[in-house]
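Take a look at the letters that make up each chain.
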Amino acid sequence: CSGSGLVKEEVKQEVPIEKGASNMDVRFASVGNQPLVGERGDLIVVLVEVEHPVFIRRQNDLFLRDIHINVTQALCGFMHCFQHLDGRTIYITNKAGDVIKHGELRVVTGEGMPLRNNPFERGDLFVEFNIDYPDDNFATLEQMQLLETLLPPRPPFIMPEDAEEVVLMEVTPYGEGSQAGAYGGIDDD
């Protein structure tokens, strides 16, 4: 101790972490530093859950985000595989005609996080779908007409007499130094 009355030593401590545990503190009584006078302190281990690139946790439920499917898969069915947090490869299917809409959530019951005090039960897994549409001019005019016979009909449209036709264009993102805006970039205020 070189006259200080204390000796530094490294001690390994096993930290039990239950399945399904989230952000929490684990306290070990009287395992911390020993002062010269008084009782030994507690060791507190802080568990912090890190963000996952694919899954989002909400209590015992998981959200699988950004599953991209194309229009054909959204209308005609699909199979999709992914690796679960526990390492299992899981596949989900959707049958033909069970249409999935853009941004829609579907649920797989019992495939979320294990419940903390009952690891044999799990929360739910919610899957969010993003529909990828084809590029412009992906089909000929004849193919588009055939496609229109297969899809639900367009709602009827009656042109009002006083309607004025305008051009619908794609939006280009504003860049640095863009002269666009409400006043055409004239007023810098």
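Residues numbered from 1 in each chain as written. Predicted model: local features only at pLDDT ≥ 70, side-chain atom pairs only at ≥ 80, totals over all residues. Heavy atoms only, no water.

Caption draft 1: View of the overall build of the protein chain. The helix and strand tally for the protein chain stands at two helices and 10 strands. Pairs at least 24 residues apart make up 45% of the contacts formed inside the protein chain by residues separated by at least 6 positions. As displayed, the protein chain offers around 15,900 Å² of accessible surface, 54% of which is attributable to carbon and sulfur atoms. (Helix = DSSP H or I, 4+ residues; strand = E, 2+ residues; numbered from the N terminus. Contact = heavy atoms within 4.5 Å. Areas by Shrake-Rupley, 256 points an atom, 1.4 Å probe, with all protein chains shown as cover.)

Caption draft 2: Region of interest: the packing of aromatic side chains. One pass over the structure, following the stated rule, counts three aromatic pairs. Taken together, a centroid distance of 5.6 Å and an interplanar angle of 65 degrees make the contact between F78 and F129 edge-to-face. Remark: F129 occurs in strand β10 (residues 125-132) and F78 occurs in strand β5 (residues 78-83); sequence separation between them is 51 residues. The exposure class of F78 is buried, given its relative accessible area of 8%. Overall, F129 belongs to the buried group, its relative accessible area being 2%. (Phe/Tyr/Trp six-rings, centres within 6.5 Å; stacked < 30°, edge-to-face > 60°. Buried < 20%, exposed > 50% of the residue type's maximum accessible area, 1.4 Å probe, protein only.)

Caption draft 3: Molecular detail of the sheet that holds strand β3 (residues 55-58). Pairing is mixed in the open sheet, where four strands are placed in the order β3-β4-β10-β7. Looking at the sheet topology across the chains shown, the edges are occupied by β3 and β7 (105-108). Sheet twist, expressed as the mean angle between neighbouring strand axes with direction ignored, is 30 degrees. (Pairing = 2+ DSSP bridges. Axes fitted to C-alpha atoms, helices over the stretch in contact; angles between N-to-C directions.)

Caption draft 4: Looking closely at unusual backbone geometry. Its identity is not glycine, yet Q59 carries a phi of approximately 55 degrees, on the positive side. Of note, Q59 is situated in the loop between β3 and β4 (61-70). Owing to a relative accessible area of 71%, Q59 belongs among the exposed residues under this scheme. One non-glycine residue, N137, lies in the positive phi region at around 55 degrees. Within the element layout of this structure, N137 appears in the loop between β10 and α2 (141-150). Classification of N137 as exposed rests on a relative accessible area of 76%.

Caption draft 5: Quick peek at the layout of surface pockets. As a volume, the largest pocket reaches approximately 650 Å³. The wall of the largest pocket is formed by 23 residues, among which V71, P134, F138, L147 and L151 lie closest to the centre. No other element matches the five residues that helix α1 (residues 71-76) contributes to the lining of the largest pocket. (1 Å grid on protein atoms, 1.4 Å probe; cavity = no way out; pocket = protein on both sides within 12 Å on 5 of 7 lines; lining within 4 Å. Points joined across faces, edges and corners; volume = space filled by probe spheres on them.)

Caption draft 6: Spotlight on a nonpolar patch on the surface. Among the surface-exposed residues, L75, V99, F138, M144, L146, L147, L150 and L151 lie close enough to one another that they form a single nonpolar patch of about 700 Å² accessible area. The greatest single-element share of the nonpolar patch, amounting to four residues, is contributed by α2. By the secondary structure assignment, M144 is in helix α2. (Patch = residues over 30% accessible without salt bridge, like charges linked within 9 Å, V, L, I, M, F, W, Y side chains within 5 Å. Salt bridge = Lys/Arg side-chain N within 4 Å of Asp/Glu carboxyl O.)

Caption draft 7: Molecular detail of the pairing of β10. Bridge count for β4 against β10 is seven bridges, and the pairing is parallel. Bridging across to β10, L64 finds its partner in V127. In terms of strand pairing, β7 meets β10 through four bridges, oriented antiparallel. Residue pairing for β10: L105 is matched across the bridge by E128.

Caption draft 8: Quick peek at the environment of V107. With respect to the helices and strands, the residue V107 is situated in strand β7. Spatially, the C-alpha atoms of V107 and F63 are 9.0 Å apart, while their sequence positions differ by 44 residues.

Caption draft 9: The side chain of N130, seen in detail. On the secondary structure map, N130 appears in strand β10. Judged by relative accessible area, N130 falls into the buried class, the value being 12%. Contact partners of N130, with chain neighbours within four places excluded, come to D66, I67, H68, I69 and H102.

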